[in-house]
Each structure stands twice: as structure tokens, then as C-alpha cells.
Amino acid sequence: MAHIVVLGAGTGGMPAAYELRAELGSGHRITVVNALDYFQFVPSNPWVAVGWREREVTTFPIRPYLEKKGIDFIAQPVLRIDAEGNALELADGQRLGYDYLVITTGPKLSFDEVPGAGPAGHTQSICSIDHAEQTWAAYQAFLQDPGPAVVGAMPGASCFGPAYEFAFILNTDLRRRKQRNKVPLTFVTSEPYIGHMGLGGVGDSKSMLESEFRNNDIKWICNARVDKVEAGLMFVSELDEAGQLKKEHQLPFKFSMMLPAFKGVDAVAQVEGLCNPRGFVLIDEYQRSKKYKNIFSAGVCVAIPPVEVTPVPTGAPKTGYMIETMVSAIVHNIAADLRGAKADTKASWNAICLADMGDTGAAFVALPQIPPRNVNWFKKGKWVHLAKVAFEKYFMYKMKNGTSEPIYEKYVLKSLGIERLDRP
Ligand SMILES: Cc1cc2nc3c(=O)[nH]c(=O)nc-3n(C[C@H](O)[C@H](O)[C@H](O)COP(=O)(O)OP(=O)(O)OC[C@H]3O[C@@H](n4cnc5c(N)ncnc54)[C@H](O)[C@@H]3O)c2cc1C
């Protein structure tokens, strides 16, 4: 009997545990270790931050649902991975051995790269449920005394979709409250142009999102290197295409939400030979560590090169569908390894996303992720908003019921009228 440990119970880790159980049957032991004892559906956080969702809807306690499927659960942060000794060292002093380790630890939020940024400083975040709730509290105070707002993404960011979502959701919420006229809104982003999204654009994303910004009185600054943030004041260097300083801005604000750059979490980043300099796991095309043959990794914590070099650094996003196919590839590859067969299943590194815009939304498919592409599709419509709301319910239902079926493929692709992509 092999012991497979999944480290991190988020968007990648939970389905990984369920898929492993379905694929391997009861003959092997599966343990999930997560820093927190609850699951959170991260894509709902922009809604939590404006009071459209409550914690009870977007989170649930992990243990009972995993245990129903015969999966052990330990709610402890992992402090160290002893990759040579095949063991994890947990915060409570436990040492947990493994035969295979699946790392799905998501991002470390790198607020400290910009002085004054982040919830401990002067900008809000929506990256975790706790942050989103803190943003909702700050937003309620802001509504009592509205003024300029700044939303966007910091240098080195890779996850631009939620920044756009939040700008449009904030815009919609302020309109509904008849307060939009009191809030000059600026989108500040490290992307070289609006709609780049760390992907070099998708279809006509540049024109469509610029047009949406114009139609909704949202101003923007691209190639923006936020240098520091003080209380109510953001210092931004706008660069030109050659990376030279074009203009310096001092933006006053009363409310700001900025997506940070991501890194790998400390316990993973510290393992000798496992990661690149930013702490992302270096994997081969089969999701396997280049150095440790019994370590696999999926999700935001894996190293993916940027789609292109940009004047202000940006990264490539890792989104749900891509993560789902990484997880499926890992499950197939561990199962093959256990049979003594070749682990040769690859993930499908395509970007598919439903981005909410409050009362409408934008969907995109970038296949492959790096241009030129076979599919380069970007569409806007109210149906995307409705599909995203339904997807949240569907994802939470499936996570509680231990499904091993590929949710993004079954749901998102169908809603886009696409039958199947080249997934494992
Ligand atoms: C605000 C936001 C909205 C997003 N919206 C979308 C969207 O609409 N569609 C889409 O496709 N993608 C979206 N993404 C991108 C991506 O899908 C999510 O970030 C997704 O949650 C990443 O999944 P993951 O499994 O890699 O990491 P996570 O879901 O972040 O899970 C990582 C888990 O590892 C645990 N962990 C970390 N370190 C340790 C440790 N040392 N010990 C134990 N446990 C640890 C964490 O507690 C966490 O539970 C969004 C991202 C953000 C930030």
C-alpha cells in the first residue's frame, strides 16, 4: 500500500484527493494536509468584498467531506518538506511520511515587494476569504465617506482576471447604491495594455475591455510600476515600451484593492533543487518535479514562464481549467507509476475563464496559452455573469460530494459550447 499525501486543499488539492481516491481505489492511503481546516472558493472573493456573498456560502469544513471518501485530513501548516527523507514536518511537531507527494499550495501573496501595499498596509486584497472580508469592512467605511478609488495589479502580478472583475463589480455596486458619481475610479496595472491579462491578450480583449472601461468611466494606467503606497496616496511610475520612465503619478485614493505578485510558499520554496528563484515548483511535462521523482505539483505553485517579456514584469496566470487538467495528469501518472508503467500523461495548458463584471461578464478561451493560437476567443454578455454564479454553486456542490469528474470540462466548456479540449 502506498501513501499519497496532497499538500494544500484548495482549487487543485481537493479535486486531486478525490480523483486519486477514485482512480486508486481503497488499496492505497491518501492524506490531505492543509494549513486551514476549511475550504474556500477563491473565485467568489470579489463578491464577498462588496457584500454580495457571505463566508458561509463560499467556505466549508474540509474534514467531514474528505473522511466520507476515506481520505485522511490533517489541518496543520507544513513548516518543512524533507524531500530526501520523504516526509513533511508539521507545525504541531508531527512528521508525516509519504511515498508520493502532490504539492498544491497555491500562492504566497508577495505584498512586501511594494512598501505600504497589502492589508497590513494601505491597499486591500481579495486573495483569501479573510482578506475579502477585510475589504468588505473597508468598503463599507468608504461608502460613508466616498472619494477616489484605485484598483489593479502590482508589478510581477500574474492573476489579472480578478483585478478586472473587482473593478467592474465595484463599479456595478456603486451604481446600484447611486454613489458611482462620487467615486473617480482608476485601474492601475503592470500589464503593457488593457486586456493583456498576462496572456498577450486573448482575441479582441484589448478593444473590448478598453471600451468597457470607457463606457463605465474607468480611467487606466498601464505599464504601471507601483513604487510605494502611503495612507491615501499611491506612487506610480508609468514606463514606456522600452521600459523607460514616461510619467510619474501620485494617485490619491480613499479605497484601493491591488492584486499582489505571487511567489511560492516558504515550505516549498526552501526545498533544495525543487523550485525556481521565486519559489515555484519546477516540473517536467508530466507535472513531476525535475529533481524528486515522487513529487508532483499542480496549480498556482508550479513554475510557468511568462508569455512574453513586458516593460513592467508580469507573469502568466494559472486558471481553474488548466489546474484541473494538471491534477488529472498527476493522478494518471501516479497510478501508472504504481503499476510500474510509464507516467506519460500531460496536462492541457490552455486558459479558459469566466470573468464576472457585476451584471455582465467576459469569457475567454486561449488555446494554447502562448500565442499564436488555434483558439483565441473572447466574448462578453450577461450569460457569463449567470454562468459564473451557477458555476460557484456547482463547484461547491461537487467539492462537498467528492466528485472525481472534471468540473471545468463538464461545466465551463459546455457553457461555452465547446465539447472537449486535449485534456488527459
Ligand atoms: C481572487 C482570485 C479569484 C480567482 N478567480 C478565478 C476564476 O474565476 N477562474 C479561474 O479559473 N481562476 C481564478 N483564480 C486563479 C486560480 O484558479 C485560483 O487562485 C485557485 O484558487 C488556485 O488554486 P491552487 O490549488 O493552486 O491554490 P489555492 O486554491 O490557493 O490552494 C492552496 C492551498 O494550500 C494551502 N497551503 C499553502 N501553504 C501551505 C502550507 N505550508 N501547509 C499547509 N497548507 C498550505 C492553503 O491554505 C490553501 O488551502 C482566481 C485567483 C484569485 C486570487
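Residues numbered from 1 in each chain as written. Predicted model: local features only at pLDDT ≥ 70, side-chain atom pairs only at ≥ 80, totals over all residues. Heavy atoms only, no water.

Colleague: Tell me about the sheet that holds strand β9 (residues 100–103), residues and numbers included.
Modeller: Taken together, five strands build an open sheet; the order of strands is β5-β2-β1-β9-β19 and the sheet is parallel. One side of each edge strand has no neighbouring strand; the edge strands of this open sheet are β5 (72–75) and β19 (295–297). Across the sheet, the axes of successive neighbouring strands diverge by a mean angle of 20°, strand direction being ignored. With three bridges connecting them, β9 and β19 associate as parallel partners. By the bridge assignment for β19, leucine 101 is matched with isoleucine 295. Relative to the sheet, helix α1 (residues 13–24) contacts β1 (3–7), β2 (29–34) and β9, its axis offset from that of β1 by approximately 160°. Contacts from helix α9 (residues 320–339) reach β1, β9 and β19 within the one sheet, and its direction differs from that of β9 by about 175°. (Pairing = 2+ DSSP bridges. Helix = DSSP H or I, 4+ residues; strand = E, 2+ residues; numbered from the N terminus. Axes fitted to C-alpha atoms, helices over the stretch in contact; angles between N-to-C directions. Contact = heavy atoms within 4.5 Å.)

Colleague: Which residues make up the site of the ligand, and what values do they have?
Modeller: Near the ligand, the surroundings consist of 30 residues, among which Thr11, Gly12, Asn34, Gly320 and Lys388 are the closest. Glycine 12 is positioned such that a nitrogen or oxygen atom in its backbone is 2.7 Å from an oxygen atom of the ligand. Within the contact set of the ligand, a nitrogen atom lies 2.9 Å away from a backbone nitrogen or oxygen of alanine 35. Calculation on the ligand without its partners gives an accessible area of 980 Å², and the protein chains cover 89% of this total. (Near = heavy atom within 4 Å. Polar contact = N/O pair within 3.5 Å; in protein donor to acceptor, adjacent residues only side chain to side chain. Areas by Shrake-Rupley, 256 points an atom, 1.4 Å probe, with all protein chains shown as cover.)

Colleague: Please give an account of α9 that cites residues and values.
Modeller: Helix length check: α9 (20 residues) gives 29 Å between terminal C-alpha atoms against 28 Å at 1.5 Å per residue, within 8%. The element α9 is extensively covered by neighbouring structure, given that 16 of its 20 residues are classed as buried. Note on α9: the residue one or two positions beyond its end, glycine 340, has a positive phi of about 80°. (Expected span 1.5 Å × (residues − 1). Buried < 20%, exposed > 50% of the residue type's maximum accessible area, 1.4 Å probe, protein only.)

Colleague: Could you give an account of unusual backbone geometry, naming the residues involved and the relevant values?
Modeller: The linkage connecting leucine 367 with the following residue, proline 368, adopts the cis geometry, with an omega of 0°. Position of proline 368 relative to the elements: it lies in the loop between β21 (361–367) and β22 (375–380). Looking along the chain, the bond that leaves proline 371 and enters proline 372 is cis, with omega of 0°. Within the secondary structure layout, proline 372 lies in the loop between β21 and β22.

Colleague: Describe the side chain of asparagine 34, and please don't skip the residues or the numbers.
Modeller: Tracing the sequence through the fold places asparagine 34 in strand β2. Here asparagine 34 falls in the buried class, since its relative accessible area comes to 13%. When neighbours within four sequence positions are excluded, asparagine 34 is seen to be in contact with Gly8, Ala9, Ile62, Phe73, Ile74, Ala75, Gln76 and Pro77.

Colleague: Lay out the pairing of strand β16 (residues 245–252) with the relevant residues and their values.
Modeller: The pairing of strand β15 (residues 233–239) with β16 spans seven bridges and is classified as antiparallel. Bridge pairing in β16 links serine 237 to glutamate 248.

Colleague: A description of the side chain of serine 125 should follow, citing residues and the corresponding values.
Modeller: If you trace the backbone, serine 125 turns up in the loop between β10 (108–109) and α5 (129–144). At a separation of 3.0 Å, a polar atom in the side chain of serine 125 contacts the main-chain amide nitrogen of cysteine 127. Of note is the side chain of serine 125, whose polar atom sits 3.0 Å from the side chain of histidine 131. Excluding residues that lie within four positions of it along the chain, serine 125 makes contacts with Phe111, Pro119, His131, Ala132, Thr135 and Met257.

Colleague: Report on the pattern of salt bridges, specifying residues and quantitative values.
Modeller: Using the criterion set out here, one finds 20 salt bridges in the structure. The partner of glutamate 230 in a salt bridge is lysine 228, with the nearest N and O atoms 3.2 Å apart. Using a relative accessible area of 35% as the deciding quantity, one classes glutamate 230 as partly exposed. Lysine 228 gets classed as partly exposed once you look at its relative accessible area, which sits at 33%. Across the pair lysine 246 and glutamate 238 runs a salt bridge, and its minimum N-O distance is 3.5 Å. Judged by its relative accessible area of 57%, lysine 246 falls in the exposed class. What you see here is one network of salt bridges that share partners, running through Arg80, Asp82, Glu89 and Arg95. (Salt bridge = Lys/Arg side-chain N within 4 Å of Asp/Glu carboxyl O.)

Colleague: Any details on the sheet that holds strand β14 (residues 224–230)? Residues and values, ideally.
Modeller: Strands sit in the order β14-β15-β16 across an open sheet of three strands; the sheet is antiparallel. In this open sheet, the two edge strands, each paired with only one partner strand, are β14 and β16. With strand direction ignored, the average angle separating the axes of adjacent strands in the sheet is 15°.

Colleague: Residue-level account of the nonpolar core, with values.
Modeller: The biggest cluster of nonpolar side chains holds 76 residues, and the ones touching the most others in it are Ile81 and Leu88. With 10 residues, the single largest contributor to this core is α9. Beyond its immediate chain neighbours, meaning those up to four positions away, isoleucine 81 contacts Leu7, Ala87, Leu88, Tyr98, Leu101, Ile103, Ala267, Val268 and Val271. Val151, Ile194, Cys222 and Met257 belong to the second largest nonpolar core, which has 50 residues in total. (Core = buried A, V, L, I, M, F, W, Y, C linked by side-chain atoms within 4.5 Å.)

Colleague: Please set out the pairing of strand β12 (residues 185–189) residue by residue, giving values where relevant.
Modeller: The element β12 is largely enclosed, with a buried count of five among its five residues. Here β12 shows no split at all, with Leu185, Phe187 and Thr189 on one side and Thr186 and Val188 on the other all buried. Sheet topology note: the β12/strand β13 (residues 218–221) ladder contains four bridges and is parallel. In the strand pairing of β13, threonine 186 is matched with lysine 219. With helix α7 (residues 205–215) bridging β12 and the parallel β13, this β-α-β connection has right-handed handedness. (Right-handed = clockwise from strand over helix to strand, strands pointing away.)

Colleague: Tell me about α7, and name the residues and values.
Modeller: Where α7 is concerned, the buried positions are Ser205, Leu209, Glu210, Glu212 and Phe213. Taken around the axis of α7, the buried residues stretch over an arc of 160°, which confines them to a single face. In α7, those exposed residues whose orientation departs by more than 90 degrees from the buried face are Arg214 and Asn215. On its buried face, α7 is in contact with α6 (161–176), β12, β13 and β22. Taken from the residues just after α7, aspartate 217 is the one with a positive phi, measuring 55°. (Arc of directions from axis to C-beta.)

Function cannot be read off these values alone, since they describe shape.
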